[in-house]
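Commentary on secondary and tertiary structure
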Amino acid sequence: MTGVLAVRRLRLSHFRSHQVSDLELDGRPVAVFGANGSGKTNLLEAVSLLSPGRGLRRAAVEEMARAPERIGWKVSAEVETSGEIRQVETASTGSGRQVQIDGKTVAQSDLGRIIKVLWLVPAMDRLWTEGATGRRRFLDRITLSLFPEHAAVSIGYEKALRERNRLLKDGVSDPAWYRALETQMAAFGQKLSKNRNLALECLRRETIAGEFPAIDLHLASREAWSETGLIDLLAEGRRRDRVAGRSLTGPHRDELEAVYVEKSMPAALCSTGEQKAFLISVVLANAQAVTARFGAPPLLLLDEVSAHLDADRRAALYDVICGMGAQAWMTGTERNLFAGLGERAAFLTVFSEAGKSVILAQ
């Protein structure tokens, strides 16, 4: 039997369209429905901020403040995790974002040690057809959900990469300057690559039953970057990189590829509906891997999840979520999209009144 991770109470203050919202929940999946622009996605974004990073929209702190007041915002939650209730709060601080757990100020990365949050939003529907940067970011969030230390590794690699790129743009040729940064890049890069490949192995062990396709995810460049190999490649590429003005070799250039197993077809060449089903397969496999590794399913944020799904796939999705015991937050424009959940979910309707979002339990 798995443990429980669930938001039991959620309070928003001056967050996006929500002037004041206060929800009490019982741990079941949450189906949120209402007209476009009513504030459904804003609610999911608030929950996403209970995890490290910039949330599901990757928005700047100041963008989340409710207009026209712009007085700052706060998201507070009572979260059931590991058999206890933790008090979690994140709020704008003018130029940044503060996080508190049980009344103590902590680093954002500490959120990832007690709360796992995965999401799927409409902007990700283009993941397989757009640039590689989005796919690497997607893979790194998967990796972070399974290996919390991946955050520090990523930050260390990105810092060394930025400093090396600055030398390249400035036309610096002194090998000593490069050697120090390349040693750091190689050490962090080897760990970055190892974590990514371990995460992909975890996903490959998971099987999603029912209507969702089997999908093979892999890094196209190589199985893993070695520390000594990366040091050598960076040193060899300095002249070329100075011409380009940036580092052209390393894990920051990795390409995540996806193949529809049954058809042996790259995801980028599949139909829109198949690509949506692929994404759901990956998110569900990720959720199952988190459950296996940490003993409790993550929070799932599925914005407009019913788009491009027929009734059979919607029903299959709800069965997997409920069978996993995950508190999934799902949005849609109509209640009947969630009819297959029945009594297994809590239902919330969101509407706009006098320029602010109002939430009613159904």
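Residues numbered from 1 in each chain as written. Predicted model: local features only at pLDDT ≥ 70, side-chain atom pairs only at ≥ 80, totals over all residues. Heavy atoms only, no water.

Overview of the sheet that holds strand 15 (residues 356-361)
Pairing is mixed in the open sheet, where 6 strands are placed in the order 8-12-13-3-14-15. Each end of this open sheet is capped by a strand with a single partner; those strands are strand 8 (117-120) and strand 15. Strand-to-strand, the axes of this sheet are offset by a mean angle of 20°, without reference to chain direction. Across 6 bridges, strand 14 (residues 346-353) lies against strand 15 in antiparallel orientation. In the sheet register, Leu348 faces strand 15, and the bridge partner there is Ala361. The sheet contacts of helix 1 (residues 40-48) involve strand 3 (30-33), strand 8, strand 12 (299-302), strand 13 (328-332), strand 14 and strand 15, and relative to strand 13 the element is tilted by about 160°. (Pairing = 2+ DSSP bridges. Helix = DSSP H or I, 4+ residues; strand = E, 2+ residues; numbered from the N terminus. Axes fitted to C-alpha atoms, helices over the stretch in contact; angles between N-to-C directions. Contact = heavy atoms within 4.5 Å.)

Section: helix 3 (residues 150-169)
Given a rise of 1.5 Å per residue, 20 residues ought to cover 28 Å, and the 28 Å separating the end C-alpha atoms of helix 3 matches this to within 8%. Along helix 3, the residues classified as buried are His150, Ala151, Val153, Ser154, Gly156, Tyr157, Ala160, Leu161, Arg164, Asn165, Leu167 and Leu168. Here the buried face of helix 3 lies against helix 2 (132-146), helix 4 (175-204), helix 5 (227-236) and helix 6 (238-244). Remark: Gly171 follows helix 3 within two positions and exhibits a positive phi of approximately 75°. (Expected span 1.5 Å × (residues − 1). Buried < 20%, exposed > 50% of the residue type's maximum accessible area, 1.4 Å probe, protein only.)

Let's talk about unusual backbone geometry
Pro68 follows Ala67 through a cis peptide bond whose omega is 5°. A positive phi angle, close to 55°, is found at Arg58, a residue other than glycine. If you trace the backbone, Arg58 turns up in the loop between helix 1 and strand 4 (74-81). Even without being a glycine, Glu304 presents a positive backbone phi close to 50°. Mapping Glu304 onto the fold places it in the loop between strand 12 and helix 8 (311-324).

Topic: helix 2
If you check helix 2, its first and last C-alpha atoms are 21 Å apart, about what 15 residues at 1.5 Å a residue would give, namely 21 Å. Along helix 2, the positions that sit buried rather than exposed are Arg135, Arg136, Phe138, Leu139, Asp140, Ile142, Thr143, Leu144, Ser145 and Leu146. Check the buried side of helix 2 and you find it contacts strand 8, helix 3, helix 4, strand 9 (215-219), strand 10 (256-260) and helix 7 (272-294).

Digging into the side chain of Thr349
Among the secondary structure elements, Thr349 is positioned in strand 14. Sequence-distant contacts of Thr349, defined by excluding residues within four places in its chain, comprise Phe33, Val358, Ile359, Leu360 and Gln362.

Remarks on the confidence of the model for the protein
Per-chain confidence: the protein averages 93 in pLDDT, with 99% of residues scoring 70 or above. Confidence scores differ between elements of the protein, with strand 9 showing the lowest mean pLDDT of 90 and strand 12 the highest of 98. (pLDDT = per-residue confidence, 0-100.)

Considering the pairing of strand 2 (residues 18-24)
The side chains of a regular strand alternate between the sheet's two faces. Here 6 bridges tie strand 1 (residues 5-15) to strand 2, and the two strands are oriented antiparallel to one another. Note on strand 2: the bridge partner recorded for Leu10 is Leu23. Between strand 1 and the antiparallel strand that follows it, strand 2, lie 2 residues; Arg16 among them carries a positive phi value of about 55°.

Observations concerning the pattern of salt bridges
Tallying each qualifying case throughout the model produces 21 salt bridges. A salt bridge links Arg344 to Asp319, with the shortest nitrogen-to-oxygen separation between them at 3.1 Å. Here Arg344 is found in the loop between strand 13 and strand 14, whereas its partner Asp319 is found in helix 8, with 25 residues between them in sequence. Judged by its relative accessible area of 31%, Arg344 is partly exposed. (Salt bridge = Lys/Arg side-chain N within 4 Å of Asp/Glu carboxyl O.)

Structural notes on the packing of helix 4 against helix 5
Each pair of packed helices gets described by two things: the angle between the helix axes and the distance between those axes. Running from N to C, helix 4 and helix 5 point in directions that differ by 140°, and their axes come no closer than 8 Å. One way to sum up the angle between helix 4 and helix 5 is to call them oblique. The two elements helix 4 and helix 5 cross, and the hand of that crossing is right-handed. Taking contact as the criterion, the partners of Glu182, Thr183, Met185, Ala186, Ala187, Gly189 and Gln190 in helix 4 are, on helix 5, Glu227, Leu230, Ile231, Leu234 and Ala235. When grouped by side-chain class, the residues that make up the contact of helix 4 with helix 5 number 7 nonpolar, 3 polar and 2 charged. (Parallel < 35°, antiparallel > 145°, perpendicular 65-115°, else oblique. Left-handed = near helix turned anticlockwise from the far one by under 90°. Nonpolar A, V, L, I, M, F, W, Y, C, P; charged D, E, K, R; others polar.)

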